[in-house]
Amino acid sequence: QAVYSIPSSVQCTKQCTVYQAVYSVPSRILKMSAEVKGSLTAVHSNYVPAQMEKHLEFLDFNSSGDLIVGASSLTTRYWSGSLWYYRKGVVEEDITNPEMCLTGVDLETGVLDGRFVQDKQMVLGLDSGGVVMVNLTREQDGDRVTHYLEQQTAVVEHEDILTGLDLWEVDGSVATVGADQRLNIFSPSLALVHTFHPAHARFISSVACSSKPHILATASREGTVRVWDTRQTRPARTVYRSETRPPSCITWSGEQEIVVGSSTGDLIVVDTRGKGKENLFQDQIFDREVTRFRWSPDRSRLAVAEDDVKVGLVRVKEGQVVVDMVDTRHTDYVRGLAWSGEDTLWSAGWDHKVVRHEV
């Protein structure tokens, strides 16, 4: 009471407390009134992390056009990460601005990849070797609406970092591979269904789920690609083997072909029916390790990223690769690829930049 001189015009009732009579407090925080008896009203707002880590690892769109972005801090004392959620219509310049996101969440570890499972549910692959489900939650208190991202308990079934994650779109089941040479299959609720160890003799670099249930493929630095049918007692068979072009990233092209990206930057189309048919793309557009593939919604075009600043766009026709575009606007490694429509591709990289490509 000795700190502030209260004007005589302010008349306190017997219910008035000291903090209610403090002078010059903005009215939006505290309404000074002789009639006020209750406590201060809490302010409801969406939680947003203080800053976005530099290294953007992935991005994905849901069917409504909302966007998620995953970021990792790879050069600080502590390996950390975060997930950011943006409403439909956000422009590329605003994606790295924390003030423009709807909400976000801090992660205790770096993040490798993430996908929408449903419009308000996402699955993340973590550098800890775990996978975690995240839900967008909406709460309403009167006319105030709050959004926040709610993490479930992470499921950790790998003994080393995660190196690949993919989904079966038909039911949302998840497949993961790790540096521990293990392949895990999870149900949509992240219950462990199958585990195979060792799935390869060396580091497993990629996993890709087929459009058919129970069918998937894995790639290893030992130089092999294997196709798996988890219903079989002997589930794996090798469909590609090369020591000079070891596979680093794979994706399905239809039900019988796999596009293999190699550690040397090659793109190879492999027939999985055991006919020994492999088509190597001769006009090499990459000279470094291929790290990401992403098909357009109609699966007519395939976006490609490598350990470089390039984003490539190719078509696969009758087992042959045809180049449509190469973009070099990034200034560091490109890691995230996603489509928001048939003709709009987005890329994100370690340069803390998101680029929109109208193709």
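Residues numbered from 1 in each chain as written. Predicted model: local features only at pLDDT ≥ 70, side-chain atom pairs only at ≥ 80, totals over all residues. Heavy atoms only, no water.

Q: Quick question: what am I supposed to make of the side chain of asparagine 184 here?
A: Within the secondary structure, asparagine 184 is located in strand β12 (residues 183-186). A polar contact is formed between the side chain of asparagine 184 and the side chain of histidine 158, at a distance of 3.2 Å. Side-chain polar atoms of asparagine 184 contact the side chain of threonine 195, separated by 2.6 Å. With residues up to four places along the chain from it excluded, the contact list for asparagine 184 reads Glu157, His158, Val174, Ala175, Thr176, Leu192, His194 and Thr195. (Helix = DSSP H or I, 4+ residues; strand = E, 2+ residues; numbered from the N terminus. Polar contact = N/O pair within 3.5 Å; in protein donor to acceptor, adjacent residues only side chain to side chain. Contact = heavy atoms within 4.5 Å.)

Q: Can you walk me through the pairing of strand β16 (residues 224-229) in this structure?
A: Both faces of the sheet carry side chains from a regular strand, because those side chains alternate between them. Along β16, 5 of the 6 residues are buried, which leaves the element largely enclosed by surrounding structure. The pairing of strand β15 (residues 215-220) with β16 spans 5 bridges and is classified as antiparallel. Among the inter-strand pairings, alanine 219 is bridged to a residue of β16, identified as valine 225. Here β15 folds back onto β16 in antiparallel fashion, the turn holding 3 residues, of which glycine 223 has a positive phi close to 105 degrees. What sits between β16 and strand β17 (residues 236-241) in their antiparallel hairpin is a turn of 6 residues. (Buried < 20%, exposed > 50% of the residue type's maximum accessible area, 1.4 Å probe, protein only. Pairing = 2+ DSSP bridges.)

Q: How should I be thinking about the confidence of the model for the chain in this particular structure?
A: Interpretation of this model should avoid reading the predicted coordinates in detail wherever pLDDT is low. Confidence along the chain averages 87 in pLDDT terms, with 86% of residues attaining 70 or more. Contacts of residues 1-44 to residues separated by more than four positions or lying in other chains number 31 contacts, the stretch itself having pLDDT below 50. (pLDDT = per-residue confidence, 0-100.)

Q: For this particular structure, what's the right way to read the pattern of salt bridges?
A: For side chains bearing opposite charge, pairing can occur when the charged atoms are close. A complete count under the given rule lists 15 salt bridges for this structure. Its salt-bridge partner being aspartate 180, residue arginine 182 comes within 3.6 Å of it at the nearest N-O pair. Put simply, aspartate 229 and arginine 231 hold a salt bridge, and the shortest N to O gap is 3.0 Å. Residue class for aspartate 229 comes out buried when judged on its relative accessible area of 14%. Classification of arginine 231 by relative accessible area gives exposed; the value is 55%. If you follow the salt bridges from partner to partner, you end up with Glu159, Asp180 and Arg182 in one network. (Salt bridge = Lys/Arg side-chain N within 4 Å of Asp/Glu carboxyl O.)

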